[in-house]
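Examination of the molecular architecture
For reference, the chains in residue letters:
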Amino acid sequence: MFKHFINGEFVPSTSGRTFDNINPVTGELVGKVAEGGEEEVDRAVAAAQRALEGPWGTMPRLERLDLLEKVAEGIEARFDDFLAAEIADTGKPKRFASKVDIPRGAANLKFFANLARNLESQSYTMDTSDGGKALSYVLREPVGVVGVISPWNLPLLLLTWKLGPALAMGNTVVVKPSEETPGTATLLGEVFDEVGVPPGVYNVVNGLGPNSAGEAITRHPGISAITFTGESRTGQIIQKASAESLKSLSFELGGKNPALIFADCDFDAAVAGTTRSVFANCGQVCLCSERVYVERPIFDDFVAALKEKAEDLKMGDPFDEATGFGPLISEEHRQKVLSYYELAREEGATVVTGGGIPELDAPYSNGFYVEPTIWTGLADDARCMREEVFGPVCHIRPFDTDDEAIALANDSDYGLAAAIWTQNLERAHKVAARVETGMVWLNTWFLRDLRTPFGGVKLSGVGREGGMHSLDFYSELKTVCTKL
Ligand SMILES: NC(=O)C1=CN([C@@H]2O[C@H](COP(=O)(O)OP(=O)(O)OC[C@H]3O[C@@H](n4cnc5c(N)ncnc54)[C@H](O)[C@@H]3O)[C@@H](O)[C@H]2O)C=CC1
Ligand SMILES: O=C(O)/C=C/C=C(\O)C(=O)O
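All of these numbers come straight from a predicted model, not from anything done at the bench. (Residues numbered from 1 in each chain as written. Chains lettered and ligands numbered in written order. Predicted model: local features only at pLDDT ≥ 70, side-chain atom pairs only at ≥ 80, totals over all residues.)

This brings us to the site of ligand 2. If you check the shell around ligand 2, you find N153, L154, L158, W161, T229, E252, V285, C286, L287, R448 and F454 and nothing else. Taken together, the residues that form the shell around ligand 2 break down as seven nonpolar, two polar and two charged. Each of two domains, domain 1 (4-254 + 460-483) and domain 2 (258-442), supplies a minimum of three residues to the shell around ligand 2. (Near = placed C-beta within 6 Å. Nonpolar A, V, L, I, M, F, W, Y, C, P; charged D, E, K, R; others polar. Domains from an automatic or database assignment.)

Time to look at the UniProt feature "active site" (unreviewed entry) in the protein. When the UniProt feature table is mapped onto this chain numbering, "active site" (unreviewed entry) sits at E252. If you trace the backbone, E252 turns up in strand 11 (residues 248-252). On the basis of neighbour count, E252 is assigned to the buried category, with 27 C-beta atoms found within 10 Å. Filtering out sequence-adjacent residues up to four positions away, E252 remains in contact with T229, C286, G455, G456, G461 and E465. (UniProt positions renumbered as here; feature names shortened; annotations may be inferred. Helix = DSSP H or I, 4+ residues; strand = E, 2+ residues; numbered from the N terminus. Buried ≥ 20, exposed ≤ 12 C-beta atoms within 10 Å, placed from the backbone. Contact = placed C-beta atoms within 7 Å.)

Here we take up the packing of helix 6 (residues 101-117) against helix 7 (residues 155-168). Closest axis-to-axis distance for the helix 6/helix 7 pair is 8 Å, and the angle between their directions is 15°. The orientation of helix 6 relative to helix 7 falls into the category roughly parallel. As helix 6 runs across helix 7, the sense of the crossing is right-handed. Touching D101, I102, R104, G105, N108, L109, F111, F112, A113 and A116 of helix 6 are L156, L157, T160, W161, L163, G164, P165 and A168, all from helix 7. The residue inventory of the contact of helix 6 with helix 7, partitioned by class, reads 12 nonpolar, four polar and two charged. (Axes fitted to C-alpha atoms, helices over the stretch in contact; angles between N-to-C directions. Parallel < 35°, antiparallel > 145°, perpendicular 65-115°, else oblique. Left-handed = near helix turned anticlockwise from the far one by under 90°.)

Sequence positions flagged by UniProt for "domain: Aldehyde dehydrogenase" (unreviewed entry) are, in local numbering, residues 10-480. Along residues 10-480 one finds 40% helix and 21% strand; the C-alpha atoms at either end are 42 Å apart.

For the rest of this paragraph, the subject is the environment of I149. Within the element layout of this structure, I149 appears in strand 7 (residues 145-149). Since 25 C-beta atoms lie within 10 Å of it, I149 is described here as buried. When the C-alpha positions of I149 and K99 are compared, they lie 24 Å apart, and in sequence the two are 50 residues distant. Discounting chain neighbours no more than four positions away, the residues touching I149 are K176, G214, I217, I226 and F228.

Our next topic: the sheet that holds strand 13 (residues 289-295). Strand order in the open sheet formed by seven strands is 14-15-16-13-12-18-19, with mixed pairing between adjacent strands. Looking at the sheet topology across the chains shown, the edges are occupied by strand 14 (350-353) and strand 19 (439-442). Each neighbouring strand pair of the sheet contributes to a mean axis angle of 25°, computed without reference to strand direction. Pairing of strand 12 (residues 257-261) with strand 13, which is carried by five bridges, proceeds in the parallel orientation. (Pairing = 2+ DSSP bridges.)

Let us look at the site of ligand 1. Surrounding ligand 1, one finds 27 residues, the nearest of these being G209, G214, G230, E231 and C286. Sorting the residues of the shell around ligand 1 by element identifies helix 9 (213-219), helix 10 (232-241) and helix 13 (331-346) as the ones contributing at least two each. Split into classes, the residues belonging to the shell around ligand 1 amount to 10 nonpolar, 11 polar and six charged. If you count residues domain by domain, the shell around ligand 1 takes at least three from each of domain 1 (4-254 + 460-483) and domain 2 (258-442).

What follows deals with helix 10. Among the residues of helix 10, S232, T234, G235 and I238 are the ones counted as buried. Projection of helix 10 onto a plane perpendicular to its axis shows the buried side chains occupying an angular sector of 150°, all on one side. Across from the buried face of helix 10, at angles greater than 90 degrees, the exposed residues are R233 and K240. Those residues of helix 10 that are buried lie in contact with helix 9, strand 10 (225-229) and strand 11. (Arc of directions from axis to C-beta.)

In structure tokens form, the structure reads like this:
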């Protein structure tokens, strides 16, 4: 059973309530998960507050950062355990998780420990009206107890992306992993314990969202800030629930991301890059491209080439290096994606490839697989063009001019990430400047320098994380001014 990790101990729920954790590859039960609620969140917050006032809050800064690096080393030392837990929870191929999820889990912690080690502090002198001088300097203090509500698509990567800067800045945390993916957050509790992080610094309360552990975190008066990644609608609910205690919020939300493919691109690179940006992690990355716009002279060739790539993706044993395409996270999510496959037909799409459930042998026939899918022919205002599907699917539409491509890219309620493929550098930079998203990739996708701001505009988020933006979110700045 997956228990909570509160005050350095693995504990069940007082209510005894549990829910199932299902393996998406086979539909089989991985194990039961303790369902926490207000009571567990209360206990976790109390433990986090004690650690903040006690051993963690009083620990010398460099000692704290050393411990954070030891947690990262602990992930590396137990790489195979983390990999197995992530694959059991998500079904994603080892080929992906071993290159992305687990290495980034360790790298996130190391990166923020190092950044915090080398922080500069600000100070200013000024002339005063009496001919003297004044000195102001800025102290950086923890925000307090941080609530971390994380999703299921990149569980360890996104959890550590938040934990790293939160703990480096001296906060303590109460984490609620997605109900679909309790595994790596639980293992991380063991690692925190093994390397000697004081009890109460890292707490995990498993549970659901509404009327459960998630909502309890958003309403708890002892929690000062919330970092959340997930659906835009959930972000809106959390914003309302946390308004009463005026918590600081950082939200990374959904996307309906455009890819713009110009006729002067390196064709093979654009096809390979777009195959990744549409189908990686079964399309379950908030940065995935769901709207692909291709300049008319290469439209037919591009559609044919992407179709060939989609049909080449291999499903099966996630531990087999040849497997490049996994299942969706759950039957519920599969039903959601399949409902869009159906809706696209009703909205007049031409289904270039896919559109259903693949025929697989047992045990994969019981998994939550869908076919990689490509549509053409939808109207710009079709629901399938405007709503985030979060599955392995894109719509491809032709364009004729740069202005038209930019207008199409910006015709969205979302604004997270865009990918632009062209060999004309002047065009690349001009288009990048006019696209309304938080991030733009030129001739690449998903390449991440952790120092850069990460987040979206419009319905795609509130605030930025990454590098100093994260350290600023997870700290309170205090100005001290003295007359000299
Ligand atoms: N990274 C992203 O952009 C992600 C987007 N999604 C999108 O969201 C859809 C729904 O998936 P979910 O896992 O249900 O996403 P979600 O946004 O509902 O869940 C993300 C996290 O928020 C928690 N949560 C849900 N409701 C809450 C509430 N009222 N208060 C506090 N916490 C709450 C969940 O338990 C989970 O830990 C997906 O179909 C997908 O379209 C899902 C996961 C990640
Ligand atoms: O930090 C990254 O490299 C990736 C982040 C991805 C998400 O935030 C997401 O899919 O939600």
